[in-house]
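So you can see what is in the structure, the chains are spelled out below.
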Amino acid sequence: MDDNTPTAEGDPTRPDRQLIQRREQAWSNYQQACADLAGTRIRANLDGWKRWFRVMPGAAVDQAQRRRDEIRAELARNGVGADPDHWGVLSGGDTGTFGGCFGLEHTIDQLTERYAKVDSHWVRTLRAIARTTTDIRPLAADGDRSAIEELTERVLQAVRMAPDDEARRRLTVHLPGDVRPVPADPASLVETRGPVAVQFDIYASTIKLDHIDVVPPLRRMGLGTATLRHICRTADTHAMHIVAQLVPTFRDDDSAVPILARWFREQGFEVTERLGGRVVRAPASVR
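## A short note on the overall build of the protein chain
Alright, step 1. The helix and strand tally for the protein chain stands at nine helices and seven strands.
Alright, step 2. Once local pairs closer than 6 in sequence are excluded, the contacts in the protein chain between residues at least 24 apart make up 65%.
Alright, step 3. Accessible surface for the protein chain amounts to roughly 14,600 Å². Of this, 49% is attributable to carbon and sulfur atoms.

This is the structure in structure tokens:
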């Protein structure tokens, strides 16, 4: 079981810390490129050259703008603009392991290529979302997070319009756990191919949860918590209990059991706080 808390808390070589460092560097590079472009435009105006000459291909302004746009295109690869503690539509980054980069724009690129001939209207919707996401990232990184809620709603609508379960699954993982659509079949939440592995068995009205394991570079970003919340909301809707054992996999020191126990309690579980202890959550209708 994984609560997104990796081993070696202060280790700068930890995969998730390296991703955060690349994110901070990408944002710094973009800010510098924007400043360089603004400075180049000011100098061109002061030089008094004709407007068409200042912006023609190969001129200083054109070069600075191209450089800015190239760096801007890399913001998605590093998850720039994402909330560092809560999973959402801007979360993700270059994992280096799971399929390279994992982010909304990259998922949309793959989906549009696959479904271009299957559902052209849905593909156009996805492309518009990708453009909007690219525009929102620098705004969110600069502190303006007002557009994220609207973007989340647009992704949610795209999930509902998805042509099949595979497309729906691949988009859903980018949403916060509180807004993900509840599936008609709880077993569909079992996941082995994505950035978070989820394994459980269903017995009558009980989900026996085995593990939730996030790929190391995406830990501590709330993906595991979003996944558990989605499972809990699904269990509530279908009036199912959830049971598990308190067996940490993210570290092996004495702090692991209390950390995992607190994680479960935050989602409404009753916890027997000892290694291998029982973890139980009754559906909302029973509680």
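## Thoughts on the pairing of strand β7 (residues 278-281)
Alright, step 1. Burial along β7 is one-sided: Val279 and Arg281 are buried, and none of Arg278 and Val280, which face the opposite way, are.
Alright, step 2. Sheet topology places strand β5 (residues 241-245) next to β7; four bridges connect them, and they run antiparallel. When the bridges of β7 are listed, Ile242 appears paired with Arg281.
Alright, step 3. As judged from the two bridges shared by strand β6 (residues 270-271) and β7, these two strands associate in the antiparallel manner. Its bridge partner being in β7, Val271 is matched across the sheet by Val279.

## A short note on the pattern of salt bridges
Alright, step 1. Within this structure, the stated rule accounts for 16 salt bridges.
Alright, step 2. For Glu166, the salt bridge identified is with Arg193, shortest N-O distance 3.4 Å. Taken together, the residues Glu166 in helix α7 (residues 165-172) and Arg193 in the loop between α7 and β3 (196-203) connect sequence positions 27 residues apart.
Alright, step 3. The class for Arg193 is exposed, based on a relative accessible area of 53%.

## Focus on the sheet that holds β7
Alright, step 1. Strand order in the open sheet formed by five strands is β3-β4-β5-β7-β6, with mixed pairing between adjacent strands. Strands at the two margins of the open sheet, each flanked by one partner only, are β3 and β6.
Alright, step 2. Helix-sheet contacts for helix α8 (residues 223-237) involve β3, β4 (206-214), β5 and β7, and the interaxial angle to β4 is about 165°.

## Here's the deal with the side chain of Glu105
Alright, step 1. Structurally, the position occupied by Glu105 is in helix α4 (residues 104-115).
Alright, step 2. Judged by its relative accessible area of 6%, Glu105 is buried.
Alright, step 3. Setting aside residues no more than four positions away along its own chain, Glu105 makes contact with Ala76, Ala130, Thr133, Thr134 and Arg137.

## Here we look at helix α9 (residues 256-266)
Alright, step 1. If you check which residues of α9 are buried, you get Ala256, Val257, Ile259, Leu260, Ala261, Trp263 and Phe264.
Alright, step 2. Here the buried face of α9 lies against β4, α8, β6 and β7.

## Some remarks on helix α5 (residues 120-141)
Helical geometry: 3.6 residues make up each α-helical turn, so side chains three or four residues apart lie on a common side.
Alright, step 1. Compared with an ideal rise of 1.5 Å per residue, which puts 22 residues at 32 Å, α5 spans 32 Å between its outermost C-alpha atoms and is within 8% of the ideal.
Alright, step 2. The largest bend in α5 comes to about 25°, at Asp135, with the proline Pro138 one to four residues further on.
Alright, step 3. Three or more residues of α5 are buried, namely Trp122, Val123, Leu126, Ile129, Ala130, Thr133, Ile136, Arg137, Pro138 and Ala140.
Alright, step 4. Downstream of α5 by a residue or two, Gly143 has a phi angle that is positive, lying close to 105°.

## Some details on the nonpolar core
Alright, step 1. Ranked by size, the top nonpolar core spans 34 residues in total, and within it Leu209 and Phe264 carry the most contacts.
Alright, step 2. Elements with a minimum of two residues in this core: α1 (15-47), β3, β4, α8, β5 and α9.
Alright, step 3. Counting 24 residues, the second largest nonpolar core, distinct from the first, contains Ile108, Tyr115, Ala162 and Leu175.

## Looking at the packing of helix α6 (residues 146-161) against α7
The relative placement of two packed helices is expressed as an angle between their axes plus a distance between the axes.
Alright, step 1. Across the interface, α6 lies against α7 with an axial gap of 8 Å and an inter-helix angle of 160°. Classified by the angle between their axes, α6 and α7 sit roughly antiparallel to one another. By crossing handedness, the relation of α6 to α7 is classed as left-handed. Along its contact with α6, which presents Val155, Ala158 and Val159, the element α7 presents Arg168, Leu171 and Thr172.
Alright, step 2. Its residues assigned to classes, the contact of α6 with α7 comprises four nonpolar, one polar and one charged.

The rules behind the values
Residues numbered from 1 in each chain as written. Predicted model: local features only at pLDDT ≥ 70, side-chain atom pairs only at ≥ 80, totals over all residues. Heavy atoms only, no water. Helix = DSSP H or I, 4+ residues; strand = E, 2+ residues; numbered from the N terminus. Contact = heavy atoms within 4.5 Å. Areas by Shrake-Rupley, 256 points an atom, 1.4 Å probe, with all protein chains shown as cover. Buried < 20%, exposed > 50% of the residue type's maximum accessible area, 1.4 Å probe, protein only. Pairing = 2+ DSSP bridges. Salt bridge = Lys/Arg side-chain N within 4 Å of Asp/Glu carboxyl O. Axes fitted to C-alpha atoms, helices over the stretch in contact; angles between N-to-C directions. Expected span 1.5 Å × (residues − 1). Bend = angle between axes of the 7 residues up to and from the residue. Core = buried A, V, L, I, M, F, W, Y, C linked by side-chain atoms within 4.5 Å. Parallel < 35°, antiparallel > 145°, perpendicular 65-115°, else oblique. Left-handed = near helix turned anticlockwise from the far one by under 90°. Nonpolar A, V, L, I, M, F, W, Y, C, P; charged D, E, K, R; others polar.

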